[in-house]
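Reading the structure
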Amino acid sequence: MRTYLVVIDETQESSIALRFAARRAVKTGGGVEILALIPPTEFTAFAGIQATIEEEARQHAEGLVAAAAGTLLQESGLKPTLTVRQGEGPKVIRDVIAGNPDIAALVLAAAPSGVPGPLVAHFAGADAALPIPLMIIPGSLDREAIDRLS
């Protein structure tokens, strides 16, 4: 099954990418995988504090994924695959893609203005080689435009 991979965070851009991916998945009979990234934590000499920081980051990421999944299910009827991983964003994304041959495209959205965002800049830049297409959705699109284009 064709699966669209979307990285979710607290930005409006990730919601735009998710909506576009969901609409494409519905139209093509595919699915959506939602990935939340937990940034690596800096080492602290106090293991208990570091464990607490990591656990809070994981809970926050799981909350983002659950909320996105609920929105996706409500708006499109799709039940997405949910993934939460810790590490450097580009490496984790490449690992997820390598681990799932059903992923047909990485869907990201650029910021509405200014710098496009770190993942868009990374994958559209010098290190752009991916084994799948990269879809970059303009962050300035409204819901109607996303629905029309997807």
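In this report, the structure presented in the accompanying data block is examined.

What about the overall build of the protein chain?
Along the protein chain, the regular secondary structure elements total 5 helices and 5 strands. Its helices and strands taken in sequence order, the protein chain reads β-α-β-α-β-α-β-α-β-α from the N to the C terminus. Here the C-alpha radius of gyration of the protein chain, 16 Å, is about what a compact globule of 150 residues would show, namely 15 Å. Projected onto its principal axes, the C-alpha coordinates of the protein chain cover approximately 50 × 35 × 30 Å. The contacts in the protein chain between residues at least 6 apart in sequence include a share of 75% that link residues at least 24 apart. When the accessible surface of the protein chain is split by element, carbon and sulfur atoms take 56% of a total near 8100 Å². With 12 positive and 17 negative side-chain charges, the protein chain shows a spacing of 11 Å between the two charge centroids.

What to know about the sheet that holds strand 4 (residues 103-109)
Spatial strand order, 3-2-1-4-5: 5 strands in an open sheet with parallel pairing. Either end of the sheet is taken by a strand with one partner, and the two such strands are strand 3 (81-86) and strand 5 (134-137). Taking the axes of each pair of neighbouring strands and ignoring which way they run, one obtains an average angle of 25 degrees across the sheet. Note that strand 2 (residues 31-38) and strand 3 share 6 bridges and pair parallel. Considered in strand 3, the bridge of Ala36 is made with Val84. Lying on the sheet, helix 1 (residues 12-28) is in contact with strand 1 (3-8), strand 2, strand 4 and strand 5; it crosses strand 1 at an angle near 165 degrees.

Description of helix 1
With 17 residues, helix 1 should cover 24 Å at 1.5 Å per step; its first-to-last C-alpha distance of 25 Å lies within 8% of that length. Among all positions of helix 1, only Glu13, Ser14, Ile16, Ala17, Leu18, Arg19, Phe20, Ala21, Ala22 and Ala25 are buried. Gly29 lies just past helix 1 and shows a positive phi near 70 degrees.

Some points on the environment of Ala25
By the element assignment, Ala25 lies in helix 1. Taking relative accessible area as the criterion, Ala25 reaches 1% and is therefore assigned buried. For the pair Ala25 and Arg2, spaced 23 residues apart in the sequence, the C-alpha separation amounts to 7.6 Å. Excluding residues that lie within four positions of it along the chain, Ala25 makes contacts with Tyr4, Gly30, Gly31, Val32 and Leu78.

Criteria and cut-off values
Residues numbered from 1 in each chain as written. Predicted model: local features only at pLDDT ≥ 70, side-chain atom pairs only at ≥ 80, totals over all residues. Heavy atoms only, no water. Helix = DSSP H or I, 4+ residues; strand = E, 2+ residues; numbered from the N terminus. Rg over C-alpha atoms; globule rule 2.2 N^0.38 Å. Contact = heavy atoms within 4.5 Å. Areas by Shrake-Rupley, 256 points an atom, 1.4 Å probe, with all protein chains shown as cover. Lys, Arg positive; Asp, Glu negative; His and termini not counted. Charge placed at Lys NZ, Arg CZ, Asp CG, Glu CD. Pairing = 2+ DSSP bridges. Axes fitted to C-alpha atoms, helices over the stretch in contact; angles between N-to-C directions. Expected span 1.5 Å × (residues − 1). Buried < 20%, exposed > 50% of the residue type's maximum accessible area, 1.4 Å probe, protein only.

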